[in-house]
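# Fold and geometry: a report
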Amino acid sequence: MSGSNSYRLRCSLAAHEMDVRGLAAAAFPHGAFVSVSRDRTARVWVPNPSENQVFTEMHCMNGHSNFVSCVCIIAPNETYPRGLIATGGHDNNICVFSLDRPDPLFTLKGHKNTGHEDCVRGLAVINDVEFLSCSNDASIRRWMVTGECVQVYYSHTNYIYSLAVFPNGQDFISTGEDRTLRIWRKGECSQTIRLPAQSVWCCCILPDGDIAVGASDGVIRVFTECQERVSSAQDLQAFEDELSKAIIDPKTGDLGDIKIEDLPGREHLDEPGNRDGQTRLIKEGSNVEAYQWSVSDGRWVKIGDVVGGSSQQNSKRVMYEGKEYDFVFSIDVNEGGPGLKLPYNVTDDPWLTAHNFLEKNDLSPMFLDQVANFIIENTKGHTLGPAPGSATDPFTGAGRYIPGSGSDSQGFGADPFTGAGRYIPESGSTGAVPSGRADPFTGGSAYSSSSLPKAKTNVFFPNTDGVMFEQANTTQILGKLRELNSTAPADRKLSDTALDCLEKLLLLVTDVKGQEQPTAEQISVLWRTSHWPEDIVFPVLDILRLAVRHPEVNAQLCGGTEGASLCNHLLGLMSSEGRPANQMLALRILCNCFSGSHGRALLLGHRDTVLSRAGDLCIVSNKNIHVALATLVLNYAGRLYGQPTEIEAKAQCLSVASTALEVVQDKEAIFRLLVALGTTVAGDSTAKDLARSLGVNSQISKYARVSDPAKVGECCRLVLDELQ
């Protein structure tokens, strides 16, 4: 489109401290809308009459104890003439707000027989006094705006993600993790449509009454009651064939307990079904097939082959909370405290299981990769094959691309901040993800106080080895690079030859045993491409992050005039107006430059400018940036250790670390800053005096009592001892 028919940017709002999860505008007057976020707030935005392009935050609402995932707007009525806002969160609650106060009018809490027992995933307005909610507890609930739950609907057998209400205000549709779209008429599930995808994420009702659904296989399907719009017989048969080839996990459908020897044969399909969507299983040789009754067709339609259905397998399963599982792991989160149970079936998606475990126990999402890798490692030899990418949660699933996340060879992207590849002081390196059966929180990949020497030995600082960001998922980096190249401006689009250069370079620099050296052409293409537009450059920066660890690349890009150009380019990416992903990756690149002699010389020569610009990023509310910033200060401190004449440089390290500690909340970033402080003052009386004059003692004393993780408290006490 072009001219008046095309959409162009109106404005950008620094709306929330974390990612925005939901928006709603229906029933709001004058172009206003409401947003909800992982920062646990809901915010109302109204157009600014004096600046036509800009929206102003009119109202901020708080009431959830976990992140908010969905929102709907209830139209004004006599009781609430300004309307109401309902929000659903991962604290299992629904909050109903007015525009007159920041706290909820009503909180519909998740307790049995009234509210949801798991996180709320979707909301839909029925009329100006009623709305629907759906949840991971597999229920749909009908609410009055005053807080009464007037009806509960059950039919789904797994998480329910989305709802939409028909114009009559009574009937509705729902979709979920059980591969189904369900149509509800007069309070009953009147039709169940199964799809050849595990997760049916979203649905809507079109103006003509047709239903559109989006699923984890990347396909949008539209269903209709109108005979004139029904697909051709050929397309209907193709859909049925696709459905029949699906692999069904018996734990996600209406399949019940399965024992092959007790199942009937194909003759069982001669009997008609009792209701639309009824499921029957039959034994076909050594296989189990699932069929669904179609009222409209008057026949049984095959919906897939069932896996995992044998009496031998069931006899080895573990009972937990009334359900059978292939594994029930005990995860020791707090040393000496009770373990948390993590149930898992071999046909489950390990990433989705890890995500749900963290949410259920209110644990940091930073542990996602670690827990998923723990599941994968401890179920090797028992799986039916890797979970398809289509089954991963789009919000937190493993299929997403995270700049600087883990590698194929390093366990699907263990987080470099808290995962097994994170900085462990006694190891002297970032380490590799272990292949053993270590507990992801307190096992061999974690640092706990019990592993500290009993004598007063300082294992934390001085640290002079340097800390690098080495984890990488080369497949995802290259996939994102090719995707963004296809949308790049014509004059910036890379040729196939250039793409091949970058791919070969990435594979070369991540192959620790490789003998091949990067070519001048590969390094040149990398440098040119690192100047791509800022909105698409991040996968190239990720390749640069990994490449500068290689001695040849480090020498070429960090030496001579090229080094000054690299430094200036990274400083530009770190500007306060820059994109957070680019700021974080630029910091990580600088950290990794310390791996080579040319990089160390470059950064020591530009120390004042680099640390000043890095210090400006303290105010950015992003823990990944904070960890990278802390690591950069630590690497500088390590190079300055044992050099008492470098007092000006040490003073700057102390100043930046002290400034960062005023705002940083992430424990890993705090720990690295404490190690940087300890390394800076160790064995240098002048540096100790400077630290005392900055008030470092009183500033960090609060961390001496931190026991989770224990390394923060231990390191803090050692720094305080050093400053006595």
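Residues numbered from 1 in each chain as written. Predicted model: local features only at pLDDT ≥ 70, side-chain atom pairs only at ≥ 80, totals over all residues. Heavy atoms only, no water.

### Side note on the overall build of the chain
What the chain contains, in helices and strands, is 19 helices and 27 strands. Per-residue burial over the chain gives 53% buried out of 724 residues. The contacts of the chain with a sequence gap of at least 6 include a subset with a gap of at least 24, amounting to 55%. About 32300 Å² of surface is accessible on the chain, with carbon and sulfur atoms providing 50% of the total. (Helix = DSSP H or I, 4+ residues; strand = E, 2+ residues; numbered from the N terminus. Buried < 20%, exposed > 50% of the residue type's maximum accessible area, 1.4 Å probe, protein only. Contact = heavy atoms within 4.5 Å. Areas by Shrake-Rupley, 256 points an atom, 1.4 Å probe, with all protein chains shown as cover.)

### Remarks on the sheet that holds strand β13 (residues 160-165)
What the 4 strands build is an open sheet, ordered β13-β14-β15-β16; its pairing is antiparallel. With one partner strand each, in any of the chains shown, β13 and β16 (188-194) form the two edges of the open sheet. Taken pair by pair, the neighbouring strands of this sheet meet at an average axis angle of 20°, ignoring direction. Bridge analysis of β13 against strand β14 (residues 172-176) gives 5 bridges, and the strand direction is antiparallel. (Pairing = 2+ DSSP bridges. Axes fitted to C-alpha atoms, helices over the stretch in contact; angles between N-to-C directions.)

### What to know about the packing of aromatic side chains
All chains considered together, the criterion is met by 9 aromatic pairs. When the ring of phenylalanine 594 is compared with that of tyrosine 636, the centres are 5.1 Å apart and the planes differ by 85°; the resulting orientation is edge-to-face. Residue phenylalanine 594 is located in the loop between α11 (580-593) and α12 (597-605), and its partner tyrosine 636 is located in helix α14 (residues 623-640); the two are separated by 42 residues in the primary sequence. Note on accessibility: phenylalanine 594 and tyrosine 636 belong to one class, buried. Among the aromatic side chains, those forming a connected cluster through ring pairs are Tyr153, Phe172 and Trp184. The lysine or arginine in question, arginine 185, covers the ring of phenylalanine 166, its NZ or CZ lying 4.8 Å from the ring centre. (Phe/Tyr/Trp six-rings, centres within 6.5 Å; stacked < 30°, edge-to-face > 60°. Lys NZ or Arg CZ within 6 Å of the ring centre and 35° of its normal.)

### Side note on the nonpolar core
In terms of nonpolar packing, the biggest core is built from 102 residues, with Leu587, Leu632, Leu674, Leu677, Ile700 and Tyr703 touching the most fellow members. A total of 11 residues in this core trace back to one element, the largest contributor, which is α14. Setting aside its immediate chain neighbours within four residues, leucine 587 contacts Met574, Ala614, Leu617, Ile625, Ala628, Leu629 and Leu632. (Core = buried A, V, L, I, M, F, W, Y, C linked by side-chain atoms within 4.5 Å.)

### Re the pairing of strand β22 (residues 287-294)
Among the 8 residues in β22, 7 count as buried, and that is most of the element. The pairing of strand β21 (residues 279-284) with β22 spans 6 bridges and is classified as antiparallel. Paired with leucine 281 across the two strands is alanine 290, which belongs to β22.

### Observations concerning the packing of helix α13 (residues 607-616) against α14
Where α13 contacts α14, the axes come no closer than 10 Å and their chain directions differ by 155°. Relative to α14, the element α13 lies roughly antiparallel. Two packed elements cross with a definite hand, and for α13 against α14 that hand is left-handed. Side by side, α13 and α14 meet where Arg607, Val610, Leu611, Ala614 and Gly615 of the first sit next to Leu629, Leu632, Val633 and Tyr636 of the second. Here the residues of the contact of α13 with α14 are counted per class, giving 7 nonpolar, 1 polar and 1 charged. (Parallel < 35°, antiparallel > 145°, perpendicular 65-115°, else oblique. Left-handed = near helix turned anticlockwise from the far one by under 90°. Nonpolar A, V, L, I, M, F, W, Y, C, P; charged D, E, K, R; others polar.)

### Here's the deal with the sheet that holds strand β10 (residues 130-135)
As summarised here, the arrangement of the 4 strands in space is β9-β10-β11-β12, forming an open sheet in which the pairing is antiparallel. Both edges of this open sheet fall to β9 (120-127) and β12 (149-154), since each of them pairs with a single strand only. Averaged over neighbouring strand pairs, the angle between their axes works out to 20° when direction is ignored. By the bridge criterion, 6 bridges tie β9 to β10 in an arrangement that is antiparallel. Looking at β10, one finds that valine 125 is bridged to phenylalanine 131.

### Here we look at the pattern of salt bridges
Any two side chains of opposite charge can pair, so long as their charged atoms come close to each other. Applying the stated criterion to the full structure yields 25 salt bridges. Between lysine 688 and glutamate 722 there is a salt bridge whose closest N-O contact spans 3.2 Å. Note that lysine 688 is positioned in helix α17 (residues 685-693) and glutamate 722 in helix α19 (residues 710-722), a separation of 34 residues in sequence. Among the residues examined, glutamate 722 registers a relative accessible area of 22% and is labelled partly exposed. The partner of arginine 717 in a salt bridge is glutamate 714, and the shortest N-O contact between them spans 3.3 Å. Taken as a pair, arginine 717 and glutamate 714 lie in helix α19 at a separation of 3 residues, close to a single helical turn. Look at the salt bridges and you will find they share partners, linking Asp39, Arg43 and Glu57 into a network. (Salt bridge = Lys/Arg side-chain N within 4 Å of Asp/Glu carboxyl O.)

### What about the environment of arginine 21?
Assignment of secondary structure puts arginine 21 in strand β1 (residues 20-24). Given the relative accessible area of 15%, arginine 21 is considered buried. Through-space distance from the C-alpha of arginine 21 to that of serine 69 is 5.2 Å; in sequence the pair is 48 residues apart.

### Considering α12
Those residues of α12 that fall on the buried side of the exposure criterion are Gly599, Leu602 and Leu603. Projected down its long axis, α12 carries its buried residues within an arc of 90°, all on one side. Facing away from the buried surface of α12 by more than 90 degrees, the exposed residues are Ala601 and Gly605. Here the buried face of α12 lies against α9 (551-558), α10 (560-573), α11, α13 and α14. (Arc of directions from axis to C-beta.)

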